[in-house]
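A look at the structure
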Amino acid sequence: MRSHGRGHVEQDMLSVEEAYERMMASFSPLDAAETPLLEALGHVLAVDVRSPLDLPPLANSGMDGYAVRGEDIRNASPDAPRQLKVIGLAAAGRGSPQTVAAGTAIRIMTGAPVPAGADTVVPFEETDEVRRRKAGLSLDEIAILSDLPPGSNVRPAGEDVGRGELVLQAGTLIRPAEIGVMASLGLEKVKAIRSPVVSILATGDELVPMGRPLEGGNIYDSNSFSVAASVMACGGIPRPLGIARDNPGDLDRTLQAVAGSDLVITSAGVSKGDYDIVKDVLARRGEIDFWSVRMRPAKPLAFGHLRGDGGRAVPLLGLPGNPVSAMVAFEMFARPAIRAMLGRRRLPRPTVEGVLTGPVYNADGRRVYARVRVELRNGTYYASPTGPQGSNILTSMARANGLAICPEDLPGKEAGERVQIIMLEWNEEVDV
Ligand code: AMP
Ligand code: MG
């Protein structure tokens, strides 16, 4: 193992992969809930969806025109038009009760059921309708000006989906198109994997909730907000529990509220300086490990399970306190865990290869996740570091849309070098 610069390598540090694997072993898709169709957007289907009906339910017209018998218009052409008697009208939602007999036609609109006897729809443009209108003639008769193969412009029953057909598979992400498909099948509710409820707890004597003035070195609790927002952004339901003071009693009291959550995320109190109280309380309430992960930012991390009062063990992820560390640790660990509970297949963010426009340093043999602004120019991703990389500089996170990776075994990466970039946003925001 190499080390770089002033830092040192701790032998007991877990690699990012080890920590990830250990943690992810505790997460799998949650149970399904009967969900009103529109609310299922962004969820994963828990069951196969089979069609209860034919779609379309009846053969219907794909054009505005005339429903005819194919044999009546054989060899019709502008020079040899076929004259048909128009016996009725079929509109969408209002079929015609009449039957198209030899020598007759029914005027038909797009989506209208094709009347009995007809097998073909001739569009207006291939009739003399416009000429007749201009000439002030009635539409009791119509001349067909072309021969169309039988079945033309008729959408057969069950063309899109047949009754009983498998339409959407369990495990499918429900996007607007899936919502539309299920609506077309008349499904008011769907069985979708429910969203995890994530309790969020900040710890620290220095933290003040918003709305109070800052005094004597206090700071506002930003982690509760960035974590809650991150939970929402990946499909979880945040349940903020507020701020626990750095004393066992307060932490203990606050943790009683976690029963019924699917995950607890705490921030701070996991670094060497201060985790003893947290450690004691968490150890008493469950099994929690404190880890050092070979990454920068976000080296200190806690993971384990709390025994809720109801007896069910709730996984707990303890993020570091520094605001950037908390967000990066959320990205690397909490987000994939939440997505696993949601039944999503791809758990980590997408990664692209790009070119650094400025250097990234690695002081002590950890994997560095540098905040970068990624831009796509002429087909190449360029990653520009967003300024000072201290783990307290939250504005540099706000300027970033990606995390450029410097591997553990490199002392850094220079401008112009290629890097892997974890994309915190995707292409539509990145393309300039
Ligand atoms: P700790 O992990 O308790 O040593 O905290 C590390 C740093 O993160 C300290 O500078 C804390 O003040 C800061 N910090 C901890 N919790 C929060 C929070 N909820 N919001 C903003 N900063 C925090
Ligand atoms: Mg603290």
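The following refers to the structure shown. (Residues numbered from 1 in each chain as written. Chains lettered and ligands numbered in written order. Predicted model: local features only at pLDDT ≥ 70, side-chain atom pairs only at ≥ 80, totals over all residues. Heavy atoms only, no water.)

Here the focus is the environment of P238. Relative to the elements of secondary structure, P238 occurs in strand β15 (residues 237–244). Under the relative-accessibility criterion, P238 is labelled partly exposed at 22%. In the structure, P238 is positioned 41 residues away from V197 in sequence and 6.0 Å away in space, judged by C-alpha atoms. When sequence neighbours within four positions are dropped, the list of residues in contact with P238 reads V198, I200, A228, V231 and M232. (Helix = DSSP H or I, 4+ residues; strand = E, 2+ residues; numbered from the N terminus. Buried < 20%, exposed > 50% of the residue type's maximum accessible area, 1.4 Å probe, protein only. Contact = heavy atoms within 4.5 Å.)

Close approach of charged atoms lets side chains of opposite charge pair. Following the criterion strictly, the structure yields 21 salt bridges and no others. Between D31 and R194 there is a salt bridge whose closest N-O contact spans 2.9 Å. You can see D31 sitting in the loop between α1 (16–24) and β1 (32–36) and its partner R194 sitting in the loop between β11 (189–193) and β12 (197–203), a full 163 residues away along the chain. Take D31: its relative accessible area is 44%, and that puts it in the partly exposed class. For R194, a relative accessible area of 25% translates into the label partly exposed. Residue R107 is joined to E129 by a salt bridge in which the shortest nitrogen-to-oxygen separation is 2.9 Å. Of this pair, R107 sits in strand β6 (residues 104–108) while E129 is found in helix α2 (residues 129–134), placing the two residues 22 residues apart along the sequence. (Salt bridge = Lys/Arg side-chain N within 4 Å of Asp/Glu carboxyl O.)

Okay, the packing of aromatic side chains next. Evaluation of the coordinates by the stated rule reveals three aromatic pairs. The interplanar angle of 45 degrees and the centroid separation of 5.9 Å between the aromatic rings of W291 and F303 together place this pair among those described as tilted. Of this pair, W291 sits in strand β17 (residues 286–292) while F303 sits in strand β19 (residues 300–307), and the two are 12 residues apart along the sequence. The exposure classification of W291 matches that of F303, with both residues buried. (Phe/Tyr/Trp six-rings, centres within 6.5 Å; stacked < 30°, edge-to-face > 60°.)

So, on to the sheet that holds β17. Strand order in the open sheet made by the six strands is β15-β12-β16-β20-β19-β17, with mixed pairing throughout. Two strands lie at the open edges of the sheet, namely β15 and β17, each paired on one side alone. Adjacent strand axes in the sheet meet at a mean angle of 20 degrees when their direction is disregarded. Examined bridge by bridge, β12 and β15 share seven bridges and lie parallel to one another. Bridging across to β15, I200 finds its partner in P240. Of the strands in this sheet, β12, β15 and β19 are in contact with helix α5 (residues 248–255), which crosses β15 at around 160 degrees. Where helix α7 (residues 323–341) meets the sheet, its contacts fall on β12, β16 (263–267), β19 and β20 (313–319), and the angle it forms with β20 comes to roughly 155 degrees. (Pairing = 2+ DSSP bridges. Axes fitted to C-alpha atoms, helices over the stretch in contact; angles between N-to-C directions.)

So, about the pairing of β19. The element β19 is extensively covered by neighbouring structure, given that six of its eight residues are classed as buried. Bridge count for β17 against β19 is seven bridges, and the pairing is antiparallel. Of the residues in β19, the one forming a bridge with S292 is P300. Bridge count for β19 against β20 is six bridges, and the pairing is antiparallel. Across the sheet, the residue bridging to F303 is L317, located in β20.

Turning next to the environment of A233. Here A233 is to be found in helix α4 (residues 223–233). Placed 106 residues apart in sequence, A233 and T127 show a C-alpha to C-alpha distance of 55 Å.

Further remarks concern unusual backbone geometry. The omega torsion of the bond from L55 to P56 falls at -5 degrees, within 30 degrees of zero and hence cis. Looking at the element boundaries, P56 is found in the loop between β2 (49–50) and β3 (60–61). The omega angle of the peptide bond from R296 to P297 is 0 degrees, so this bond is cis rather than trans. Residue placement: P297 occurs in the loop between β18 (295–296) and β19. Its identity as a non-glycine residue notwithstanding, N75 has a phi of 65 degrees, on the positive side. In this structure, A298 takes a positive phi of about 80 degrees despite not being glycine. Looking at the element boundaries, A298 is found in the loop between β18 and β19.

Between α1 and α7, the shortest axis-to-axis distance is 10 Å and the interhelical angle comes to 35 degrees. In the crossing of α1 with α7, the sense of the turn from one axis to the other is right-handed. On α7, the residues that touch V16, A19, Y20, M23 and M24 of α1 are M332, F333, P336, A337 and A340. Partitioning the contact of α1 with α7 into residue classes produces 10 nonpolar, no polar and no charged. (Left-handed = near helix turned anticlockwise from the far one by under 90°. Nonpolar A, V, L, I, M, F, W, Y, C, P; charged D, E, K, R; others polar.)

Before going further, it helps to examine a nonpolar patch on the surface. On the surface, a nonpolar cluster with roughly 420 Å² of combined accessible area is contributed by M210, L214, Y220 and F225. On the secondary structure map, F225 appears in helix α4. (Patch = residues over 30% accessible without salt bridge, like charges linked within 9 Å, V, L, I, M, F, W, Y side chains within 5 Å. Areas by Shrake-Rupley, 256 points an atom, 1.4 Å probe, with all protein chains shown as cover.)

Bringing the sheet that holds β6 into the picture now. Here five strands make up an open sheet; going across it, the order is β7-β4-β6-β5-β8 and the pairing mixed. The outermost strands of the open sheet, each flanked by one partner alone, are β7 (120–123) and β8 (141–144). Taken over all neighbouring pairs, the strand axes of this sheet differ in orientation by 40 degrees on average, direction set aside. As defined by bridge partners, strand β4 (residues 65–68) adjoins β7 across four bridges and the pair is classed as antiparallel. Residue pairing in the sheet places V68 in a bridge with T120 of β7.

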